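Observations on chain architecture
Listed below, chain by chain, are the residues.
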Amino acid sequence: KRWPLMIDPQSQANKWIKTMQAKNGLRTIKLTDANLLRTLENSIRIGSPVLLEDIGEVLDPALDPVLQKQVFKQGNRSLIRIGDSDV
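Residues numbered from 1 in each chain as written. Predicted model: local features only at pLDDT ≥ 70, side-chain atom pairs only at ≥ 80, totals over all residues. Heavy atoms only, no water.

**What to know about the environment of Leu59**
Note the cut-off: Strands are runs of DSSP state E lasting at least 2 residues, helices are runs of H or I lasting at least 4, and numbering of each runs from the N terminus. The contact criterion used throughout is that any non-hydrogen atoms of two residues lie within 4.5 Å.
One can find Leu59 in the loop between strand 2 (50-53) and helix 3 (64-67). Considered as a pair, Leu59 and Asp8 are 51 residues apart in the sequence and their alpha carbons are 18 Å apart. Contact partners of Leu59, with chain neighbours within four places excluded, come to Leu31 and Leu67.

**Regarding helix 2 (residues 36-46)**
For the α-helix, the turn length of 3.6 residues means that residues three or four positions removed from each other point alike. Put simply, the rule is: Any residue under 20% of the maximum accessible area for its type is buried, any over 50% is exposed, and the rest in between are partly exposed; the area is computed with a 1.4 Å probe on protein chains only.
Turning to helix 2, its buried residues are Leu36, Thr39, Leu40, Glu41 and Ser43. Buried positions along helix 2 lie against strand 1 (27-30), strand 2, helix 3, strand 4 (77-82) and strand 5 (85-86).

**Considering the nonpolar core**
For clarity, the threshold we go by: Buried Ala, Val, Leu, Ile, Met, Phe, Trp, Tyr and Cys residues form a nonpolar core when they are joined through side-chain atoms within 4.5 Å.
One finds Leu40, Leu63, Leu67, Ile80, Ile82 and Val87 forming the largest nonpolar core, which totals six residues. If we skip the residues at most four places from it in the chain, Leu40 touches Val50, Leu63, Val66 and Ile82.

**Notes on the side chain of Thr39**
Mapped onto the elements, Thr39 comes out in helix 2. Filtering out sequence-adjacent residues up to four positions away, Thr39 remains in contact with Arg27 and Ile29.

**Looking at the pairing of strand 3 (residues 71-74)**
It is a general feature of regular strands that their side chains alternate between the two faces of the sheet. Here is the rule: Strand pairing is defined by DSSP finding a minimum of two bridges between the two strands.
Where strand 3 meets strand 4, four bridges bridge the pair, whose relative direction is antiparallel. In the strand pairing of strand 4, Gln74 is matched with Arg77.

**Considerations on the sheet that holds strand 5**
Heads up, the rule is: To get an axis, a line is fitted to the C-alpha atoms, and for a helix only the part in contact is used. The angle between two axes follows their N-to-C directions and goes from 0 to 180 degrees.
Read across the open sheet, the three strands follow the order 3-4-5; overall the sheet is antiparallel. With one partner strand each, in any of the chains shown, strand 3 and strand 5 form the two edges of the open sheet. Across the sheet, helix 2 is in contact with strand 4 and strand 5; its angle to strand 4 comes to roughly 170°.

**Observations regarding unusual backbone geometry**
The phi dihedral of Ser11 is positive, around 65°, even though this residue is not glycine. Here Ser11 lies in the segment before helix 1 (12-21). With relative accessibility at 30%, the residue Ser11 sits in the partly exposed group.

**Points about the pairing of strand 1**
Pairing of strand 1 with strand 2 involves four bridges; the strand directions are parallel. Looking at strand 2, one finds that Lys30 is bridged to Glu53.

See the structure below:
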């Protein structure tokens, strides 16, 4: 299972992504943000891109469903569980 990962010590790619996705409502979050899961839920609901910055070697287990694309069907809708809510 894969997901995009950038190792960007000079922050060039980071600036490029922020510039390219600004018109799409890019939200930038860090693992230390208090509202990390709320921002991620809202972005998934409305379809806006998210950039997760300054991650270390260990990620929050609450991000696993998103990173592993654990989407399930409930009726006609495709949902993913983030924390304790289905989005």
